[in-house]
Amino acid sequence: MAKKVQVLYTVKKEEEVNGNPDLIATAMGRALKVKSDKVPPAYPCEGQTLVFFVLENYGKLDKKLMAFCKEIVPRRAATVALVVIGKDDSGNAPELEDMLKANGVEIVGKCGIALKKGFFSSEKLNDDHINKAVAFAKDLYEKA
């Protein structure tokens, strides 16, 4: 049976192009030879083996992501993995994780990307961050 895998990412502003989640998701999709799309995707998840969510978590999660994930159940996505960009590399997004678990969806992995944000300056996404996410995705893809 073929693997059905999708990489989804969040954008803070609808017109935002090439934001950090977009850049990471695009690299992951390219490496896995699968589609990457923003939340909500053009085509809904249905019968996916694995769905990667790439998101930023600096306190409050994206409302569109949370609304979309309310509809994620095992029939739509058997398993999910999170790539969380935040102030540390914990990969934690407790509110999202609790929702997915309550829906019966298994979280098979989390990858944290630490990018500090400040009022006057922010750390820039670099190749090491992207390569970390791509390696994480490849590892889980092989196991799916």
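Refer to the structure printed above.
Residues numbered from 1 in each chain as written. Predicted model: local features only at pLDDT ≥ 70, side-chain atom pairs only at ≥ 80, totals over all residues. Heavy atoms only, no water.

Draft legend 1. Broad picture of the overall build of the protein chain. Each helix and strand counted, the protein chain has four helices and five strands in total. Mapped in sequence order, the helices and strands of the protein chain form the string β-α-β-β-α-β-α-β-α. Taken over the C-alpha trace, the protein chain has a radius of gyration of 14 Å; the compact-globule value for 144 residues is 15 Å, and the two agree within 12%. Among the 144 residues that make up the protein chain, the fraction classed as buried is 48%. A total of about 7800 Å² of accessible surface is found on the protein chain, and carbon and sulfur atoms cover 53% of it. Charge separation in the protein chain, taken as the distance between the mean sites of 23 positive and 20 negative side-chain charges, equals 2 Å. (Helix = DSSP H or I, 4+ residues; strand = E, 2+ residues; numbered from the N terminus. Rg over C-alpha atoms; globule rule 2.2 N^0.38 Å. Buried < 20%, exposed > 50% of the residue type's maximum accessible area, 1.4 Å probe, protein only. Areas by Shrake-Rupley, 256 points an atom, 1.4 Å probe, with all protein chains shown as cover. Lys, Arg positive; Asp, Glu negative; His and termini not counted. Charge placed at Lys NZ, Arg CZ, Asp CG, Glu CD.)

Draft legend 2. Structural detail: the pairing of strand β3 (residues 48-57). Within β3, 10 of the 10 residues are buried, which leaves it mostly tucked inside the rest of the structure. Where strand β1 (residues 5-9) meets β3, five bridges bridge the pair, whose relative direction is parallel. Within β3, the residue paired with V5 across the bridge is L50. The β-α-β motif built from β3, the intervening helix α2 (residues 63-69) and the parallel element strand β4 (residues 77-86) has right-handed crossover chirality. (Pairing = 2+ DSSP bridges. Right-handed = clockwise from strand over helix to strand, strands pointing away.)

Draft legend 3. Molecular detail of the side chain of E56. Assignment of secondary structure puts E56 in strand β3. Despite its burial, E56 remains without a salt bridge, the nearest opposite charge being carried by K117 at 4.1 Å. If sequence neighbours within four positions are ignored, E56 has contacts with T10, K12, N20, P21, L61, I85 and K117. (Salt bridge = Lys/Arg side-chain N within 4 Å of Asp/Glu carboxyl O. Contact = heavy atoms within 4.5 Å.)

Draft legend 4. Fine view of the state of the cysteines. Inspection of the entire model under this criterion finds zero disulfides. Here C45 stays free of any disulfide, with the sulfur of C69 as its closest cysteine sulfur at 8.5 Å. (Disulfide = S-S within 2.5 Å.)

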